[in-house]
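Report on the structure
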Amino acid sequence: MLITGGASGIGRIMGRMALEKGARCLAIWDINGEAVESTVAEFSALGDVKGYRVDVSDNDAVAETYARTRQECGCVDILINCAGIVTGNKTFDRQSVDDIMRTMNINSIAPMVLSLQALPEMIARDSGHICNIASAAGMISNPRMSVYVASKWAVIGWSDSVRIELAQAHSHVRITTVAPYYINTGMFEGVHSRIFPILDPERTSRKILRAIERNRDFRGIPLSFHLIRFCQGILPVSWFDFIFGRCFGIFSAMDNFTGRKPKKQ
């Protein structure tokens, strides 16, 4: 199993759970080298773990590190594209081109580039699973996070399109797209959710792994997320904005966002 963003947040938790379930080998990719080292040291008692410091926004580094991972760990049976960033809570007119490019490269382009490395092998042996961690924000427009929302909409559209392509080819390779609400990992520190609870990282990680094990095509977390999508389809835009944006407070969730404090890399 290969997990990007595997040295922190739900990526780290899923890696631990995978080893506890008996994963043959866990490959952890993360940009934070210090976190990679500490995670490998801690998880080594659970099984075979290898860590790689890699910036997934660097396409050449992705290809080179995948080749190294493949050589040292063997074929990748399960790939979880979990690495992601949110750069702040500024309105779009105050965004910088650098922030836009960085967000899209890490959240949208990187999963595609890495999957291009893994997918041909999976198709050739007719087995394998790619899980793409998107976000509920990829289905619901939200102010003060427009670029993040765009990046996650892109992931959902791409991921589900690849799923259909594989199904049409009668391949046994599976794609699972996951769209969780805000998760209490520090990435969205300061977010206030009036109605819908912030998700617990352990429970969310367990649900994602269960979705992979059960070959789920799409998993929204929590289940109430699907109710929101249903209401999007039947309500006029002004009604939806009023009920979920103003009454439920979804549109003000990012007002006091601070985010995770940067760590040394």
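Criteria and thresholds
- Residues numbered from 1 in each chain as written.
- Predicted model: local features only at pLDDT ≥ 70, side-chain atom pairs only at ≥ 80, totals over all residues.
- Heavy atoms only, no water.
- Axes fitted to C-alpha atoms, helices over the stretch in contact; angles between N-to-C directions.
- Helix = DSSP H or I, 4+ residues; strand = E, 2+ residues; numbered from the N terminus.
- Parallel < 35°, antiparallel > 145°, perpendicular 65-115°, else oblique.
- Left-handed = near helix turned anticlockwise from the far one by under 90°.
- Contact = heavy atoms within 4.5 Å.
- Nonpolar A, V, L, I, M, F, W, Y, C, P; charged D, E, K, R; others polar.
- Phe/Tyr/Trp six-rings, centres within 6.5 Å; stacked < 30°, edge-to-face > 60°.
- Buried < 20%, exposed > 50% of the residue type's maximum accessible area, 1.4 Å probe, protein only.
- Lys NZ or Arg CZ within 6 Å of the ring centre and 35° of its normal.
- Pairing = 2+ DSSP bridges.
- Salt bridge = Lys/Arg side-chain N within 4 Å of Asp/Glu carboxyl O.

Viewed as axis vectors pointing N to C, helix α1 (residues 9-20) and helix α2 (residues 33-43) meet at an angle of 20 degrees, and their least axial separation amounts to 11 Å. When the axis of α1 is compared with that of α2, the two are roughly parallel. As α1 packs across α2, the resulting crossing turns out to be right-handed. Contacts from Arg12, Gly15, Arg16 and Leu19 in α1 reach Thr39, Glu42 and Phe43 in α2. Considered class by class, the residues forming the contact of α1 with α2 number 2 nonpolar, 2 polar and 3 charged.

This part covers the packing of aromatic side chains. In this structure the tally under the stated criterion is 5 aromatic pairs. Seen from their ring centres, Tyr181 and Tyr182 are 4.8 Å apart, and the 65 degrees between their planes marks the pair as edge-to-face. Classification of Tyr181 by relative accessible area gives buried; the value is 15%. Each residue in the set Tyr148, Tyr181, Tyr182 and Phe188 is aromatic and connected to the rest through ring pairs, giving one cluster. Directly above the ring of Phe218 sits Arg229, whose terminal nitrogen or CZ lies 5.1 Å from the centroid.

If you walk across this open sheet you meet the 7 strands as β3-β2-β1-β4-β5-β6-β7, and the pairing is parallel. The sheet is open, and its two borders are formed by β3 (49-53) and β7 (218-221), each paired with just one other strand. For this sheet, the mean inter-axis angle between neighbouring strands, taken without regard to orientation, is 15 degrees. The sheet contact formed by strand β1 (residues 2-4) and strand β4 (residues 78-81) spans 2 bridges and is parallel. The partner of Leu2 across the bridge, within β4, is Leu79.

Between Ile221 and Pro222 the backbone carries a cis peptide bond, its omega angle lying at 0 degrees. Tracing the backbone shows Pro222 in the loop between β7 and α7 (224-234). Although it is not a glycine, Asp126 adopts a positive phi angle of roughly 60 degrees. Looking at the element boundaries, Asp126 is found in the loop between α4 (97-125) and β5 (129-133). Classification of Asp126 by relative accessible area gives partly exposed; the value is 30%.

The tally for this structure, following the rule as stated, stands at 13 salt bridges. A salt bridge links Asp77 to Arg125; its shortest N-O distance comes to 3.7 Å. Here Asp77 is found in the loop between α3 (59-73) and β4, whereas its partner Arg125 is found in helix α4, with 48 residues between them in sequence. Judged by relative accessible area, which is 32%, Asp77 ranks as partly exposed. We note a salt bridge from Arg174 to Asp217, for which the minimum N-O separation is 3.1 Å. Here Asp217 lies in the loop between α6 (201-213) and β7 and Arg174 lies in strand β6 (residues 174-180), a separation of 43 residues in the sequence. When its relative accessible area of 27% is taken as the criterion, Arg174 is described as partly exposed. Using a relative accessible area of 31% as the deciding quantity, one classes Asp217 as partly exposed. One network of salt bridges, with partners in common, ties together Asp160, Arg163, Arg174 and Asp217.

All we've got here are geometric facts, nothing functional implied.
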